[in-house]
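One-letter residues, chain by chain:
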Amino acid sequence: MGFNYASVASGSCGNCHYIGFEGTGILVDAGLSGKKVRENLESIELGMDGLKAILITHEHVDHIKGAGILSRKHDIPIYANARTWQEMGDKLGKVSPENIQVFETGRSFDIGSLRIKAFGIHHDAADPVGFCIDNGKKKLSIATDTGCICDEIRGQLHDSDLVVLESNHDVEMLKMGAYPYHLKRRILSSNGHLSNDDAALFCVELANEGVKRVLLAHLSRENNFPELAYETVVGTLKIKGIENISIDVLLRQQASRVYSI
Ligand SMILES: [Zn+2]
Ligand SMILES: [Zn+2]
């Protein structure tokens, strides 16, 4: 049996992913209010029942906003690495000790019958990670909030059945836009966010490795729009003559459909 994946919301205003397998549900990040997470899950006929974990990629508010309240209300353990716990501990409110779970970046751990691997990404946070989630047959990977794609990330993602990949901004829109200089520099740096162009180039690599589906994620509200991210990636694939990969864009405010892989 395969996985179910859905984006609860994805973008600079809040990120949350749902992964379901054989009655076990996990969230990757909970960067919306607890209420909005529940509402968006319900809008695609998913609920909080069966949720066994909230995995945290890094401590920025667009990834942790609702994590504390969801953990308290539904008694769900939160998993993060030690340095992320250090940075976000205060911001979550009180989390009961048994719901504080610590993983190590670079190591695998199990939740139910899912094997999770946290790998390092390049972002201006304490110890930011992406996740590969494997059910023994299929593999799903999430890599957002990374300023660049390195060989480590390539190695983790290349044999995935589904990749959720950041396509944060259009470089020209960002450069011409209203953001202050220091913020532009931060986003463009190799520890910032991945541009549409970089996402497109990486999609070419992923397609050549046999990855069949990529969902473009974490779009900026100010410096991108869904059609532009889509056209940039699909246009690049077309130029390279690649047709065997399917590309979708995850929206900022609403849940995606449920993908079965
Ligand atoms: Zn971030
Ligand atoms: Zn983010």
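Predicted model only: the values in this text are computed from it and were never measured.

Trainee: For the coordination of the zinc ion (ligand 2), give the residues involved together with the corresponding values.
Mentor: At this site the zinc ion (ligand 2) is bound by D62 (OD), H63 (NE2), D145 (OD) and H218 (NE2), with donor distances of 2.1 to 2.2 Å. Bound by 4 donor atoms, the zinc ion (ligand 2) shows angles of 92 to 169 degrees at the metal and therefore irregular coordination geometry. In terms of primary sequence, the donors binding the zinc ion (ligand 2) are separated according to D-H-x81-D-x72-H. A gap of 3.4 Å separates the zinc ion (ligand 2) and the zinc ion (ligand 1), which D145 links by coordinating each metal. Separated by 155 residues along the polypeptide, H63 in helix α2 (residues 61–64) and H218 in the loop between β12 (213–217) and α9 (226–239) bring together distant segments of the chain. Its relative accessible area of 0% is what places H63 among the buried residues. Residue classification places H218 among the buried residues on the basis of a relative accessible area of 1%.

Trainee: A description of the coordination of the zinc ion (ligand 1) should follow, citing residues and the corresponding values.
Mentor: The coordination sphere of the zinc ion (ligand 1) contains the protein donors H58 (NE2), H60 (ND1), H123 (NE2) and D145 (OD), at a distance range of 2.1 to 2.7 Å. Considering all 4 donor atoms around the zinc ion (ligand 1), the spread of angles at the metal, 87 to 177 degrees, places the coordination shape in the irregular class.

Trainee: Residue-level account of the sheet that holds strand β7 (residues 108–111), with values.
Mentor: Overall, mixed pairing links the 7 strands, which are arranged β7-β8-β9-β10-β11-β12-β13 in an open sheet. Lying at the two open borders of the sheet, with one neighbouring strand each, are β7 and β13 (246–249). When the angles between neighbouring strand axes are averaged without regard to direction, this sheet yields 20 degrees. With 4 bridges connecting them, strand β11 (residues 162–166) and β12 associate as parallel partners. Residue pairing across strands places V164 opposite L215, the latter belonging to β12. Contacts from helix α8 (residues 196–208) reach β11, β12 and β13 within the one sheet, and its direction differs from that of β11 by about 160 degrees. Here α9 sits on the sheet and contacts β12 and β13; the angle it forms with β13, its principal contact strand, is near 165 degrees.

How each quantity is defined
Each chain carries its own residue numbering, running from 1 in the written order of its sequence. Going through the entries in the order they are written, you letter the chains from A and number the ligands from 1. Only residues with pLDDT of 70 or above have their local features reported here, since the model is predicted, and side-chain atom pairs are shown and tallied only from 80 upward, although totals for entire chains, interfaces and linings are computed over all residues. Hydrogens and waters are ignored; side-chain quantities use all the structure's heavy atoms. A donor here means an N, O or S atom no more than 2.8 Å from the metal, or no more than 3.2 Å when the metal is Na, K or Ca. Since water is not included, a site may seem to lack partners. Geometry is assigned from the angles between donors: four donors with all angles from 85 to 135 degrees make a tetrahedral site, four or six donors whose opposite pairs exceed 155 degrees while the rest stay between 65 and 115 make square planar or octahedral sites respectively, and everything else is labelled irregular. Working definition: helices are DSSP H or I runs of at least four residues, strands are E runs of at least two. Numbering for both runs from the N terminus. Relative accessibility decides the category of a residue: with a 1.4 Å probe and only protein chains considered, values under 20% of the type maximum give buried, values over 50% give exposed, and everything between is partly exposed. Criterion used throughout: strands pair if DSSP finds at least two bridges between them. For helices, the fitted line uses only the C-alpha atoms of the stretch in contact; every axis is such a line through C-alpha atoms, and the angle between N-to-C directions lies from 0 to 180 degrees. By the convention used here, residues are in contact when the closest approach between their heavy atoms is within 4.5 Å.

Spatial relationships are all this shows, so hold off on functional conclusions.
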